[in-house]
Every structure is written in C-alpha cells, then in structure tokens.
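Understanding the architecture of this molecule
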Amino acid sequence: MSAEPAPRREVVTGEPRRVHRLPGHPTQSEIDEQTTLGAAYVRSLMRSQLRAGLTAFGFLALTVVTLPLFFDALGNASVVWIVLGFACYPVLVGIAWWYVHRAERNESDFARLVHGVHGPEQASGRPAGPAEGD
C-alpha cells in the first residue's frame, strides 16, 4: 500500500455557466407563456365557472319568478309571510352551497390539470381514499 496523499478538492465559487431549468409541467408553462393552448385552458376554466354561475342564477330566478304565482295560489296572507320569512332561506342557502361547491370543484379540477396530477388524487397531492380510522 502506498501512502499517496488524497487528491485535493477545490471549491468553485463563481457563477454557474449554464442555468438548468427545473422540470416543470407542460400545462403550467403553456399558461405562463400565454400560448394559444394555455389560453384555451384558461378559457375552459372561465367557461365552467360561468356555467356554474348561470345555473345558480337560473335556479334563483326560477324561484323568484314562481313565488308570486305560488302566493296567488295560496290566497292566505299568513302563509305567504311564513314562506317569505322562513321557507325561502333554506332554498337560498342550498343554491349558494351548490354554487360554492361547484366552483371549488372546477378550480381543483383545473389545478389537477395544471399540476399534472392524474387519477383520483387531489390537487394537494394527497391520494383520495378512505379516511383514517375507517
């Protein structure tokens, strides 16, 4: 065995000559670079959000338009006030809950598309499955 000294290590502290691009998701870069495909992705999200909003507005308009007909058919003022005071709010809350749920689902689907997660996984990266303790 020879007693050769170990080779010296030198530390280079200069600027890197090449910039290595981090591997990204092609969909995200399409959107960031505002290409035609990226614009189509964003348009798709906007269209689905608009569809959810118009659907919620349609249910609300249908409810508001049919209430006078319903009140006219009742003919009883006390029942009309009970309907206006109590029965309208669960319907409004239900429409609002559906809209928020649908809008969040549209956004999570879009985020899953952009971040390249395929399958039943959530946008947060956690696999969807049974909850702990089931």
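For the structure itself, look to the data block above.
Now for a look at the structure at hand. Remember, predicted model here, so these are calculated numbers, not experimental data. (Residues numbered from 1 in each chain as written. Predicted model: local features only at pLDDT ≥ 70, side-chain atom pairs only at ≥ 80, totals over all residues. Heavy atoms only, no water.)

Moving on: helix α2 (residues 36–74). Owing to its 3.6 residues per turn, the α-helix brings residues three or four apart onto one side. With 39 residues, α2 should reach 57 Å at 1.5 Å per residue; the first-to-last C-alpha distance of 56 Å fits that figure. Along α2, the helix axis deviates most sharply at Leu67, where the bend reaches about 30 degrees; the proline Pro68 sits within four residues downstream. For α2, every residue scored as buried is listed here: Gly38, Leu45, Ser48, Gln49, Ala52, Ala56, Leu67 and Phe71. Just past α2, the residue Gly75 takes up positive phi, approximately 75 degrees. (Helix = DSSP H or I, 4+ residues; strand = E, 2+ residues; numbered from the N terminus. Expected span 1.5 Å × (residues − 1). Bend = angle between axes of the 7 residues up to and from the residue. Buried < 20%, exposed > 50% of the residue type's maximum accessible area, 1.4 Å probe, protein only.)

Another aspect to go through is the side chain of Gln49. Relative to the elements of secondary structure, Gln49 occurs in helix α2. With a relative accessible area of 17%, Gln49 lands in the buried category. Those residues in contact with Gln49, other than ones at most four positions away along the chain, are Arg102, Ala103, Asn106 and Glu107. (Contact = heavy atoms within 4.5 Å.)

As a rule of thumb, nonpolar side chains are buried together in soluble globular proteins. In terms of nonpolar packing, the biggest core is built from 5 residues, these being Leu67, Phe71, Val80, Val83 and Cys88. The element best represented in this core is helix α3 (residues 77–115), accounting for 3 residues. With sequence-adjacent residues up to four places away left out, Leu67 is seen in contact with Val83 and Cys88. (Core = buried A, V, L, I, M, F, W, Y, C linked by side-chain atoms within 4.5 Å.)

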